[in-house]
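# Examining the three-dimensional arrangement
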Amino acid sequence: MSQISNLKEIITSFESAYRSTPTKLKLLDAFSVCALLTAVLQFVYAKLVGTFPFNSFLAGFFCCVGAFVLTVSLRMKVSEGGSASGPREFGGYSLAMLTLFIAAWNYVG
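Note that the structure is predicted; figures quoted are calculated from it, not measured. (Residues numbered from 1 in each chain as written. Predicted model: local features only at pLDDT ≥ 70, side-chain atom pairs only at ≥ 80, totals over all residues. Heavy atoms only, no water.)

## Re the nonpolar core
Among the nonpolar cores identified, the biggest contains 11 residues, and these are Leu25, Leu28, Ala35, Ala59, Cys63, Ala67, Leu74, Tyr93, Met97, Leu100 and Ala104. For this core, the elements supplying multiple residues, two or more each, are helix H2 (23-49), helix H3 (54-80) and helix H4 (87-108). Excluding residues that lie within four positions of it along the chain, Ala59 makes contacts with Ala104, Tyr107 and Val108. (Core = buried A, V, L, I, M, F, W, Y, C linked by side-chain atoms within 4.5 Å. Buried < 20%, exposed > 50% of the residue type's maximum accessible area, 1.4 Å probe, protein only. Helix = DSSP H or I, 4+ residues; strand = E, 2+ residues; numbered from the N terminus. Contact = heavy atoms within 4.5 Å.)

## Overview of the packing of H3 against H4
Interaxial distance between H3 and H4 falls to 9 Å at its minimum, and their mutual angle equals 175°. Considering the angle they form, H3 stands roughly antiparallel to H4. On H4, the residues that touch Asn55, Ser56, Leu58, Ala59, Phe62, Cys63, Gly66, Ala67, Leu70, Thr71, Leu74 and Lys77 of H3 are Glu89, Phe90, Tyr93, Ala96, Met97, Leu100, Phe101, Ala104, Tyr107 and Val108. Of the residues that constitute the contact of H3 with H4, the class distribution is 16 nonpolar, 4 polar and 2 charged. (Axes fitted to C-alpha atoms, helices over the stretch in contact; angles between N-to-C directions. Parallel < 35°, antiparallel > 145°, perpendicular 65-115°, else oblique. Nonpolar A, V, L, I, M, F, W, Y, C, P; charged D, E, K, R; others polar.)

## Some thoughts on a nonpolar patch on the surface
Residues Leu36, Val40, Phe43, Val44, Tyr45, Leu48 and Val49 make up a contiguous nonpolar surface patch of about 700 Å² in total accessible area. In this structure, Val49 sits in helix H2. (Patch = residues over 30% accessible without salt bridge, like charges linked within 9 Å, V, L, I, M, F, W, Y side chains within 5 Å. Areas by Shrake-Rupley, 256 points an atom, 1.4 Å probe, with all protein chains shown as cover. Salt bridge = Lys/Arg side-chain N within 4 Å of Asp/Glu carboxyl O.)

Structure (structure tokens):
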């Protein structure tokens, strides 16, 4: 029972700390979770049904994982704050996402 109460304390402390998180960071978190869940869903689908167009599976999976990694990187940069936070990070993020999508599109064939 003490482990359950410790888990409840951890969850409540996380919820109270997350409430003070800015809305923009929460939006980045939501997109990260969506990208990660899409990658997991694609992987489960590939295991259950098969990966006949293997290039398409790889392009979609790596695109989701890449979007997750780039979004987490942007969140880390923006949450640091400082003078460099803002348009410069978003510009780099946009360019990296564009490059990722073009590479995935080319890989599909």
